[in-house]
Amino acid sequence: MSNSEKNPDGDPSKAGGDVTDRVTIRPDPKARVIKVNAVQEEKFGGNRISTAKYSFLSFVPAFLFEQFRRYSNIFFLMIALLQQIPDVSPTGRYTTLVPLICILSVSALKEIVEDVKRHTADNEINNREVEVLKDGYWQRLKWKSVGVGDFVKVHNDTFFPADLILFSSSEPQALCYVETSNLDGETNLKVRQGLPETSILLETKDLASLTGFLECEQPNRHLYEFAGKLKLGSNEELALGPDQLLLRGAKLQNTNWIFGQVVYTGHETKLMKNSTAAPLKRSTVDKLTNNQILMLFALLIGVSLTSAIFSHVWTRANEKIGYVNLPSTDGMEFAYNVLTFVILYNNLIPISLTVTLEVVRFIQAMFINRDLDMYHEESNTPATARTSNLNEELGQVKYIFSDKTGTLTRNIMEFKQCTIGGVIYSHEELFSENILLKHLSSNHATSADIHEFLSLLAVCHTVIPERESGELIYHAASPDERALVYGASRLGYVFETRTPSYVIIKANGVDAKYEVLNLLEFTSTRKRMSVVVKSPEGKILLYCKGADSVIYERLSDMTNTEALKAATESHLEEFATRGLRTLCCAVTEISHEAYEEWRPIYHKASTAIHEREEKLEDAANLIEQNLQLLGATAIEDKLQDMVPETIAALLKAGISVWVLTGDKQETAINIGYSCRLLNQSMELLIINQDSLDATRDCILRYVNDLSRDNGQVLPKENDAAVIIDGKSLKYALSHELRREFLALCTSCRSVICCRASPIQKAEIVEYVTQQTGAVTLAIGDGANDVAMIQKAHVGVGISGVEGLQAALASDYAIAQFSYLAKLLFVHGAWNYDRMCKLIFYSFYKNICLYIIELWFAIYSGWSGQIIFERWTIGLYNMFFTSAQPIAMGIFDRKCSQEIRMRFPMLYKPAYNSFGLKIFFMWVGNSILHSVMLFWLSRYIVGDGAVWSTGRDGGYLVLGNFVYTYVVVVVSLKSGLETKSWTVFTHLAIFGSILLWMAFLLFYSQVGRINALPVGKEILGIGNMVVASPIFWLGLVLVPVITLIPDIIFKAIRGTMFQTLDDQFRASEVMNIDPTDIISQKKSRINETARLLRNVRNVFRRTPSDHILDMELAHGYAFSQEEHGIVTQSQLIRSYDTTIPKPEDNTEMEDN
């Protein structure tokens, strides 16, 4: 029941009543009612989570569904069923069923092994511990044991085990800081605050004695929405909102502890509601293989119908021969003949292909898992292939969608450089050589500016100091502010104390007390923050820091200002070129009279009911004038190791990199420059509009500009980058603009989407995936990245930091973004090339043997008689030609990993390695080989007398001649296609030939054992074959003659028509530096055309565009929470660091 229903007047003072009375009144059926310190009437879901693909009960149906999405498995199941029909199968009843069961068993084992890893990762999270209040004592329970209604205690730097309502904390007024980068990608901390009525509950006995209930909305996926009410005892109902909600996936920061009550658990938490079930992904190669199998099926049906027609014709022509006892030639007999020939030729589709692929992929995944180059020693985290079904997808990625925070960056800010009074200071000059401190202590011309600059850094902020074990720790919602305050402390201006009315800093060892009069808050509109203070000397000063565009326009008209502005601007550009985040700093002295005149204006604006933000801005503009420029700071948002080099390599490989982040536009662009996704010569196409029409006009204008400048419709690889914010993105993804927006983005080298929600990230990835048809890869580290990771063809999670759900939902997990280069360039390219060869070779070897049945049918009256013994037909794929494709799929490579990592452009040629043209070339080659193998063998056998005695061996001797030659030819063919020979390659090729010879001799004697129902037909054939000199002559001539065309073709292609891979491989074999091979590709947009376009765009830009350009060129960026429950002014007025915080007096139950 809502407050309005209970109390029509809406007066909270009239609400309330006894708890029992409230419970007897039926609550809103759409609401969840949670009792406080009582047994719950409703049964809620548990807190155990699962990201695995299968459960014990779902494995069999889900696995079979996945396996029978492959047309080949459906086909072989049909063949196995048809073979059970009496007198239809020429190859026996079980020659297909047994291999099919073996193949499915191997696939099931692989899936079980991979899913056990997922269950293990889930168990690691489910078995984490948290303190839960039970029977008046705190007990350490596992996360999976936490239930709705439990009170939990969460400590600093710990993830929340479920969705909680904040009751109280170690901070004043139940404040706490929360890091949500795992949810929304934002780097700044959020402030959450419990209700005043619960903020006093600081001891265990206070929580244990509570009675009442909490009523809230049912579980939903809306991260930033929550509505509920709390009733304790006979007190009034208290409204609960999102500012009291602590979400699973977020982490407690800068707060010693909090007490909270669980409202949503497990898969009902908002985090898990935003996750989807692990999708059953299939690789592009798998999908294309399915289509190729359909073509082979069409070939099979065509050959079967042809054979049945010829059988019908032959039978009609010879029906008068009485002693043959030919069957009738009616329609039913024709249908039976079609089924017979379908079963006879069914092995044209390789039944072993599925299990071969599974085995090879599993071993490829093991190589990824054990790659020491992708092992992160610091966190003891290896690369993990959580699925092996997508190994080859890694070799054909065209688009990469990356998160920013935690993926590209470490979310660690460091004060690197500054410029003061026109003098620039490097990091070494600041902290190693102490040049700045020397200037400060001497009578340097800038010493006064240095003092004011460092004082500003130590005073103008919202940081909270705290001493822990004698060490001064700074807590801040903004990582930028923490970096600046910490940098100032290293330079001798230490921020030590904050109270509601003043701050104390120690400037070069001397305490200085600044009375805080007003704080003018930072917003993305103001792009600055100011603090009005009374200095120790009694002066009223206004310290201001912000974007250079807003600081410069508020500077005084002093004579020396222009030179200082020019010097500072030059330094800002230098900082921005290095990818540093910049802020300008300025100060002004305000007379007491002017301040007293302004103070009531500001107070009136701050208490305004309507348009408060606009009135506060107007009031701030009155006092933020006549500023004196002090200088600028440069902060480094530390990147993960080797991120710039990795992105540069990805771009060289022809891969488009999109950054999708929930962070601010300025921050995202700044990171774009520092990680080399953007460069100073690149044109930025910024889309930052507030309506659908404005967004449409902006996108179409950019489309027209690019089209006109290049003389064609949006050519690829424009030297430009699209920058779009979340609001504009909502309009750009609408059905009206999707196509134009995608065309614009795909024509540019880079795209950065700012303020993107998890759903928007997933929509972008899904739309690009569907519309371009290219292989996409999404990489991220947080829960907000799970949706896009699951939508992309390949999902990569950053692991190594606990609590990151992205790694659990990913297909591959790596510890560093830089490992992506080797994952794609080496493992991906190798695996894709290997799998293409493996699949085509599997088609080749099967057609090569089994189409021979068609040629033999010409001599057998189209009767369906087989030329080979039935079990050797099935064992051909399982034993005698299984090792060759496996060796090819595991060990073959064109270029070494060193060459591939050094020259990323080698990744490009792989895209077209699996087309129909190559497929038909392999099919044609296999048919040609089968023709030569059969008729050459038929020619040397002649009338069948292959021994000096003149004895005739019959059709099975011919069959085993042909079979042996086929094994030799297909084995040597695999050698011709192999680029890198290893011991295993030799064993696979020559070992398979020897295995067949040994098997032939052994199996031809098995028929002597009467108890065994196999081998009767082939009894003694092995000895007869090896005793024939004709056989040994053919063993030399037939394979050589068959393979001569292939050898000639490869020799011509390898010398006259070399690919880039061939050239690099040749240079590697000959130990020649391959640098000379590289031909620099000319850019489609030359520098002159780019400059002309920029000149034209100057005339079309508005004043706001120029301001934005200046900010981007000068590297402005600043992270700070806006419009939170607690304003920045209220936050600093809430703390008094001279008063000790509540002690952690938790009473743990003795176990």
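All figures in this text were calculated on a predicted structure; none of them were measured in a lab.

Reading the values: the criteria
- Residues numbered from 1 in each chain as written.
- Predicted model: local features only at pLDDT ≥ 70, side-chain atom pairs only at ≥ 80, totals over all residues.
- Heavy atoms only, no water.
- Helix = DSSP H or I, 4+ residues; strand = E, 2+ residues; numbered from the N terminus.
- Buried < 20%, exposed > 50% of the residue type's maximum accessible area, 1.4 Å probe, protein only.
- Contact = heavy atoms within 4.5 Å.
- Salt bridge = Lys/Arg side-chain N within 4 Å of Asp/Glu carboxyl O.
- Pairing = 2+ DSSP bridges.
- Patch = residues over 30% accessible without salt bridge, like charges linked within 9 Å, V, L, I, M, F, W, Y side chains within 5 Å.
- Areas by Shrake-Rupley, 256 points an atom, 1.4 Å probe, with all protein chains shown as cover.
- Axes fitted to C-alpha atoms, helices over the stretch in contact; angles between N-to-C directions.
- Parallel < 35°, antiparallel > 145°, perpendicular 65-115°, else oblique.
- Left-handed = near helix turned anticlockwise from the far one by under 90°.
- Nonpolar A, V, L, I, M, F, W, Y, C, P; charged D, E, K, R; others polar.
- Core = buried A, V, L, I, M, F, W, Y, C linked by side-chain atoms within 4.5 Å.
- Lys, Arg positive; Asp, Glu negative; His and termini not counted.
- Charge placed at Lys NZ, Arg CZ, Asp CG, Glu CD.
- Phe/Tyr/Trp six-rings, centres within 6.5 Å; stacked < 30°, edge-to-face > 60°.
- Expected span 1.5 Å × (residues − 1).
- pLDDT = per-residue confidence, 0-100.
- Disulfide = S-S within 2.5 Å.

Right, let's get into the overall build of the protein. Looking only at helices and strands, one finds 41 helices and 34 strands in the protein. Counting only residues that meet the buried cut, the protein has 57% of its 1151 residues in that class. Taking the contacts inside the protein whose residues are at least 6 apart along the sequence as the reference set, 75% of them involve residues at least 24 apart.

This part covers the pattern of salt bridges. Tallying each qualifying case throughout the model produces 50 salt bridges. In this structure, Arg140 engages Glu131 in a salt bridge whose closest nitrogen and oxygen atoms are separated by 3.6 Å. Of the residues examined, Arg140 reaches a relative accessible area of 45% and is grouped as partly exposed. The salt bridge partner of Arg528 is Glu617, with a shortest N-O separation of 3.2 Å. Placement of Arg528 in strand β24 (residues 528-534) and of Glu617 in helix α19 (residues 612-623) is noted, with a sequence separation of 89 residues between them. Connected through salt bridges with shared partners, the residues Lys53, Lys110, Glu111 and Glu358 form a single ionic network.

Another aspect to go through is the pairing of strand β22 (residues 502-507). Judged by which residues are buried, β22 turns out to be one-sided: Val503, Ile505 and Ala507 face inward and are buried, whereas Tyr502, Ile504 and Lys506, on the alternate face, are not. Where strand β21 (residues 493-498) and β22 come together, five bridges link them in antiparallel fashion. Residue Tyr493 lies in a different strand from β22, and its bridge partner there is Ala507. Connecting β21 to the next strand, β22, in antiparallel fashion are three residues. Relative to strand β23 (residues 510-520), β22 runs antiparallel, the two sharing six bridges. Within β23, the residue paired with Val503 across the bridge is Tyr514. Between β22 and β23, which follow one another and run antiparallel, lie two residues, and Asn508 among them has a positive phi close to 55 degrees.

Let's shift gears to a nonpolar patch on the surface. Together, Leu1033, Val1036, Leu1037, Val1040, Ile1041, Ile1044, Ile1048, Ile1052, Met1056 and Phe1057 line one region of the surface with nonpolar side chains, adding up to about 930 Å² of accessible area. Structurally, Val1036 is set in helix α37 (residues 1029-1056).

The next thing to look at is the sheet that holds strand β8 (residues 190-193). With antiparallel pairing, four strands are arranged side by side in an open sheet as β5-β13-β7-β8. A strand with exactly one partner marks an edge of an open sheet, and here the two such strands are β5 (158-159) and β8. One ladder, built from three bridges, connects strand β7 (residues 175-179) with strand β13 (residues 251-253); its direction is antiparallel. Paired with Glu179 across the strands is Lys251, a residue of β13.

Bringing the packing of helix α28 (residues 819-850) against helix α33 (residues 916-941) into the picture now. Across the interface, α28 lies against α33 with an axial gap of 8 Å and an inter-helix angle of 25 degrees. Between α28 and α33, the crossing angle belongs to the class labelled roughly parallel. Viewed along their axes, α28 and α33 form a crossing whose handedness is right-handed. Across from Phe840, Tyr841, Phe843, Tyr844, Ile847 and Cys848 in α28, the residues of α33 making contact are Ile918, Phe919, Trp922, Val923, Asn925, Ser926, Ile927, His929, Ser930 and Leu933. Partitioned by chemical class, the residues of the contact of α28 with α33 number 12 nonpolar, four polar and no charged.

Ranked by internal contacts, the top residues of the largest apolar core, which has 88 residues, are Phe401, Trp658, Phe741, Leu777, Leu820 and Leu824. Tallying contributions element by element places α28 first for this core, with seven residues. Contacts of Leu820, omitting those with residues within four sequence positions, involve Ile400, Leu650, Leu777, Ile779, Val796 and Ile814. Counting 87 residues, the second largest nonpolar core, distinct from the first, contains Val355, Tyr841, Leu849 and Phe914.

Remark: helix α34 (residues 955-977) packs on helix α35 (residues 983-1006), axes separated minimally by 8 Å, with the N-to-C direction vectors making an angle of 165 degrees. Considered as vectors, α34 and α35 are oriented roughly antiparallel to each other. Between α34 and α35 the crossing geometry is right-handed. Between α34 and α35, the contacting residues are Asn960, Tyr963, Thr964, Val967, Val968, Ser971, Leu972, Ser974 and Gly975 on the first element and Ile989, Phe990, Ser992, Ile993, Trp996, Met997 and Leu1000 on the second. Across the contact of α34 with α35, the residue classes tally to 10 nonpolar, six polar and no charged.

Our next topic: a negative patch on the surface. On the surface, Glu611, Glu613, Glu614 and Asp618 cluster together into a negatively charged patch. With respect to the element layout, Asp618 can be found in helix α19. On the accessibility criterion, Asp618 (48% relative accessible area) is partly exposed.

Looking now at the sheet that holds strand β15 (residues 384-385). Taken together, nine strands build an open sheet; the order of strands is β15-β34-β33-β32-β16-β28-β31-β30-β29 and the sheet is mixed. Looking at strand neighbours, the two that pair on one side only are β15 and β29 (683-687), the edges of this open sheet.

We now examine the side chain of Asp286. By the secondary structure assignment, Asp286 is in helix α9 (residues 284-317). With residues up to four places along the chain from it excluded, the contact list for Asp286 reads Arg70, Leu357 and Arg361.

Before going further, it helps to spend a moment on the packing of aromatic side chains. For the structure on display, the rule yields 43 aromatic pairs. Plain terms: the ring middles of Phe341 and Tyr345 are 5.9 Å apart, the flat faces sit at 20 degrees to each other, and that makes the pair stacked. Considered together, Phe341 and Tyr345 belong to a single accessibility category, that of buried residues. Taking the centre distance of 5.6 Å and the plane angle of 45 degrees together, the rings of Trp855 and Trp935 count as tilted.

For helix α11 (residues 353-369), with 17 residues, the first-to-last C-alpha span of 24 Å sits near the 24 Å given by 1.5 Å per residue. Of all 17 residues making up α11, 12 are buried, and the element is well covered by its neighbours.

Here we take up the pairing of strand β28 (residues 656-660). Each regular strand displays side chains that alternate between the two surfaces of the sheet. Here β28 lies mainly inside the structure; five of its five residues are buried. Burial along β28 is two-sided: the face carrying Ser656, Trp658 and Leu660 and the face carrying Val657 and Val659 are both buried. Taken together, the four bridges between β28 and strand β31 (residues 748-753) define a ladder with parallel strand orientation. Of the residues in β31, the one forming a bridge with Trp658 is Val751.

Should the pLDDT be low somewhere, the predicted coordinates at that spot are not to be read in detail. Overall, the predicted model of the protein reaches an average pLDDT of 84, with 88% of residues at or above 70. A low-confidence stretch, residues 1-26 stays under pLDDT 50, and its non-local contacts, those more than four residues away or across chains, total 39 contacts. When the criterion is pLDDT under 50, residues 1080-1104 qualifies, and its contacts beyond four places in sequence or with other chains add up to 25 contacts.

This brings us to the environment of Lys404. Note on placement: Lys404 falls in the loop between β16 (397-402) and β17 (409-420). A relative accessible area of 0% places Lys404 in the buried class. Residues Lys404 and Asp781 lie 377 residues apart in sequence; the distance between their C-alpha atoms is 9.0 Å.

Right, let's talk about unusual backbone geometry for a bit. With a phi angle near 55 degrees, Asn37 is a residue other than glycine that sits in the positive phi range. Asn37 gets classed as partly exposed once you look at its relative accessible area, which sits at 37%. In this model, Asn626 sits at a positive phi of 55 degrees, which is unusual for a non-glycine residue. Along the chain, the position of Asn626 falls in the loop between α19 and β27 (628-639).

Using the criterion set out here, one finds zero disulfides in the structure. Free of any disulfide, Cys745 has its nearest neighbouring cysteine sulfur in Cys753, separated by 6.4 Å.

Moving on: the environment of Glu977. Summarising the element assignment, Glu977 is placed in helix α34. Overall, the relative accessible area of 10% leaves Glu977 in the buried class. Between the alpha carbons of Glu977 and Asp892 there is a distance of 9.1 Å; along the sequence they are 85 residues apart. Not counting residues within four places of it along the chain, the set of residues in contact with Glu977 comprises Lys837, Met888, Asp892, Trp922 and Lys1050.

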